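Observations on the three-dimensional arrangement
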Amino acid sequence: MPKTLYSTGKVLTRIISLFGLLSWFAIYPSVSQTVNSTTFNSFAEKIYLQLDGRVYTTDQIVWFKSIVVSSIDHVPSALTGVLYVELVGPDERIADKKLIKLEKGIGEGCFELNKSFDEGTYQVRAYTGWNRNFGTDFICREYIQLFSSSAKVTSDPIGEITLIKENHKEIHVRATLNPIAIDSLHKKEVTLVVILDNRKDTLAVKKNGESKYLVDYPVTDNSQLVTLQMRTRNKFTYTKTVALDEDHFDLQFFPEGGELVHGLRSRVGFKAVDYNGRGKIVEGVIVNGNGDVIVPFKSNRLGMGSFLLGNADSTTKYFAQLSSLSENKLSLLYPLPKVVCQGNVMSVSKYQDDIRIKISSNYLRNDSINLLIACRGVVYYEIKDRLKVGSVVFALPADSLPEGIVACTLMDDKMHPLAERLYFNERPGSRVNIAIAPDKSSYAQRELTKLAIGTTDSKGEAVYTNLSLLVMNKAQLGQLQHRRENILSGLLLHSELKGEIEDPGYYFSSDTTRQSDLDDLMLTQGWSKYLYTNTERSFTFQPEPALRVSGTVSGIFSGKNKKVSELTLMTFGKIRSVQTQRTDSLGRFRFNVGDEYGQNLNILVQSANKRGEKKNYTITLDKQISPPVSFNHARSVEKADSVVHAIVEKSIVRKKVDDTYKLSAGEILLGEVVVEAYKMTPERKKVIEAYGEPGMIISGKSIQDKEEKWSYGLYSVLMFNFPDKVIVRRARDGNLYARVRQSEMTLVVIDGIPVLYYDYPQIPNIPPGEVKSFEIIEGAKNFSSLYMETYPQANPAYVPVWGDVIAIYTYAGQGIYGAKSTTGLLKAVVPVFAPHREFYVPKYENIQPEEWYKPDLRALVHWDPIITTDSSGKAFASFYNADNLGDMLVVVEAISDEGEIGYQELIYHVEKNAGNKEIH
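1. Here we look at the environment of T409
Checked against the element boundaries, T409 lands in strand β31 (residues 404–411). A C-alpha to C-alpha distance of 4.6 Å links T409 and E420, two positions eleven residues apart in sequence.

This is the structure we're talking about:
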């Protein structure tokens, strides 16, 4: 054992747990000395999303539960009350966004899919406002695959991709681009971003003589993946990633501690990957430069493993020789890292109840060393000792450290890092124990299943927990469940390591933890991918405990005098409210908004001076901009396996059955059509008579529904949400202008009054809440006359004859001057919490004989994201089974108020209901 041992982690954890991060944030300047034992990122929040599946069709709903915890101890966060969850499409655009209310760190929601969603790989990501302090490392990302719920023929936007080799030297990727497939209004050239070998190149592609967009791009011999991202002038994008060499194979080696050192024994981790970076099963032997076999090796099913290399020799080279797949195929040699002449080796292993750390050096003989043991950025031990003849061994009680990734750093007497190692401290006894007891051992089709769920701690005492319950057909969905993220892998692994972890659920399947596999993952995932090494300290963003409206009032300063403004906020939700407050000396304000649910909330902010007199100050809301999208397009290269194909086929069959029975019952199936009465007002009648009928109408409500906190006027909403309806571009003068078609001029009339050319810069700033309707008239009649009204000084000889007209109608009905924003008064629409939607649960307690004729083919039998246990640690749930026969898989995930987590599965059997022969 070390001569000097300091344990700081437990004390620090107690301090943070006692005061909470909210208190810590308030007293941060006074505890700067105490937090020196932590890294900056240790104050981040971890986010775990439990999805009900990984494969969906466009008629389904993506259900999710969200858990936000403190990084240090996994206690559900009291810091944040608002979680942002976004569905990002393969085009890297946000397809849907939800604001989820968190109560003690727990929330739930869903994304409703429909046929407008394109097939492909989607990203579901979640983040908090507080985590914006830590860059993008603590954004939770999950990937799902989306397929059409019915067969459809679509034009491939990027097709005919071929790899051309010329003269055995130059290699090119050729492809045909079809921008019309994603943007029916596209004209002229298209922009193509090529991502190859972590480099980006932007090209402008024009039509060739055959009116085709062709791309020919050079690649290198060792390039594995190329991503082609096409972008039209109207901001529509489409991305496709293809593998250039599907036979590619790579074998990587990771010596424990960082280096192979001459004369020292070392464990070496390895990972075999295919063209897509996915693990590949391998086995073989390690040989030296003479071809002598040193040691055999064999990977697990994810292509990872490790072996011991004794007394490495710096005068020789070592190679991995794989077992040949066939007698005729030559076995390739893969070199190991070079053995250094001088260095240190640190090995970490489990011995009984201790974590054993051995440090060896071939040049430090009796020198002093320092060893830091940290978990999630908190230093739990600082060990100071002296080597004895180049070696020393430490043993630490495993239960003195949290469960999860432990970082071991060896330093010299000047605190310079010498070697580093990540180790997974397995402590299943610290988890919540979950017992699931069904009331029967097997059930019939559509029979009621009752479950009793009990939760206890390591001492067998009842513990209060928040549970989720997921029940699925094991044959259809069970295999994917065991490969995807669960609460253990999510909070103990994925939230602490950068990059992708292949099949994270593999490491925590059922009750078993695969310690050797976890150790191989720690060796190969690499120290550089650990999230808790950042030492920067700058808290720019404050927590969001509730929905807020914040911004700035300008125009309240007079010379050197600092003034404040009295503000009144009125909200027009289900519960109308009025709040007042003063701005600070910088003109800043921040209102808390009640728990409003829906899509958006109408608000009004009025400014006044200290005496309460209304003042014409300018009020600006803070912009809420989503973080940049980071999309791993390599995920889209993955080929759908037999399991995925089976899920999709079953989903399509299920939808066909449902539609058939709806029709047979006399129901009418309608497409998604929004019909809104077109009221003929005097202003509209005037416009139609002068310029023609509109071909496209965007209602004011549709515009207001798309308005965000950061929206700064009508055109900003149109630009980001209706690019297929109108083209909004920023001109050289810095102002936004709108056009209907790129090739034709567009003029604007508001409430039937032509807008003069010098007033066009004011149109973008019209408050969306003032707009009743936005209408488009292509090929307007009397266009030349309107042009002369817009540009009175124009030369009649050069007046265009053809063009388009945008007709805007406002509630004021007074043209551009009546529609401009009132100074000192701000009307806006802000997003609110997504409403709760209940999971559909059929009830068969009084089922009629004729109801048996309609099959119930649900693969997802039940989903209940939030169940709480009582004081005795008990909870109960019940649901009706579907008509699918065989095993049903029950999954329960849990988290306690103290940050203990748990995962448990149960399988029960469903048999045919013998009394109802109608079921197929």
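What follows picks up the thread again.
2. Some words on helix α3 (residues 487–494)
The buried fraction of α3 amounts to eight of the eight residues, a majority that puts the element mostly inside the structure. If you check which residues of α3 are buried, you get I487, L488, S489, G490, L491, L492, L493 and H494. Between the side-chain oxygen of the N-cap and the backbone nitrogen of L488 there are 2.9 Å, and the N-cap of α3 in question is N486.

3. Description of the pairing of strand β36 (residues 465–473)
Of all nine residues making up β36, nine are buried, and the element is well covered by its neighbours. Burial along β36 is two-sided: T465, L467, L469, V471 and N473 and N466, S468, L470 and M472, pointing in opposite directions, are all buried. Bridging between β36 and strand β51 (residues 860–868) involves six bridges; their strand directions are antiparallel. From the neighbouring strand, V471 faces β51, where its bridge partner is H862.

4. So, the sheet that holds strand β41 (residues 600–608)
Strand order in the open sheet made by the four strands is β39-β38-β41-β50, with antiparallel pairing throughout. Each end of this open sheet is capped by a strand with a single partner; those strands are β39 (577–582) and β50 (825–831). Sheet twist, expressed as the average angle between the axes of neighbouring strands with direction ignored, equals 25°. Sheet topology note: the strand β38 (residues 566–571)/β41 ladder contains six bridges and is antiparallel. For M570, the partnering residue across the bridge sits in β41 and is L604.

5. Quick look at the pattern of salt bridges
Taken as a whole and assessed by the stated rule, the structure comprises 25 salt bridges. We note a salt bridge from E502 to R278, for which the minimum N-O separation is 3.8 Å. Of the two residues, E502 sits in the loop between α3 and α4 (515–525) while R278 sits in the loop between β19 (266–274) and β20 (283–288), which places them 224 residues apart along the sequence. Classification of E502 as buried rests on a relative accessible area of 15%. When the shortest N-O distance is used, the salt bridge between E778 and R741 registers 4.0 Å. Here R741 lies in the loop between β45 (736–739) and β46 (746–750) and E778 lies in the loop between β48 (771–777) and α9 (783–790), a separation of 37 residues in the sequence. The network of salt bridges with shared partners includes R278, R301, E502 and D503.

6. A short note on the confidence of the model for the chain
Residues at a pLDDT of 70 or more form 85% of the chain, whose mean pLDDT is 83. Confidence over residues 1–36 falls short of pLDDT 50; this stretch has 62 contacts with residues more than four positions distant or in other chains. In the predicted structure, residues 664–676 sits below a pLDDT of 50 and forms eight contacts with residues beyond four places in sequence or in another chain.

7. Overview of a nonpolar patch on the surface
Among the surface-exposed residues, Y757, Y758 and Y817 lie close enough to one another that they form a single nonpolar patch of about 360 Å² accessible area. Looking at the secondary structure, you find Y757 in the loop between β47 (753–754) and β48. Judged by relative accessible area, Y757 falls into the partly exposed class, the value being 39%.

8. Some words on α9
When α9 is considered as a whole, its buried residues turn out to be F783, L786, Y787 and T790. Looking straight down α9, one finds its buried side chains confined to an arc of 105°; they lie on one side. Packing partners of the buried residues in α9 comprise α6 (682–691), β46, β47 and β49 (804–810).

Quick notes on the rules
- Residues numbered from 1 in each chain as written.
- Predicted model: local features only at pLDDT ≥ 70, side-chain atom pairs only at ≥ 80, totals over all residues.
- Heavy atoms only, no water.
- Helix = DSSP H or I, 4+ residues; strand = E, 2+ residues; numbered from the N terminus.
- Buried < 20%, exposed > 50% of the residue type's maximum accessible area, 1.4 Å probe, protein only.
- Polar contact = N/O pair within 3.5 Å; in protein donor to acceptor, adjacent residues only side chain to side chain.
- Pairing = 2+ DSSP bridges.
- Axes fitted to C-alpha atoms, helices over the stretch in contact; angles between N-to-C directions.
- Salt bridge = Lys/Arg side-chain N within 4 Å of Asp/Glu carboxyl O.
- pLDDT = per-residue confidence, 0-100.
- Contact = heavy atoms within 4.5 Å.
- Patch = residues over 30% accessible without salt bridge, like charges linked within 9 Å, V, L, I, M, F, W, Y side chains within 5 Å.
- Areas by Shrake-Rupley, 256 points an atom, 1.4 Å probe, with all protein chains shown as cover.
- Arc of directions from axis to C-beta.

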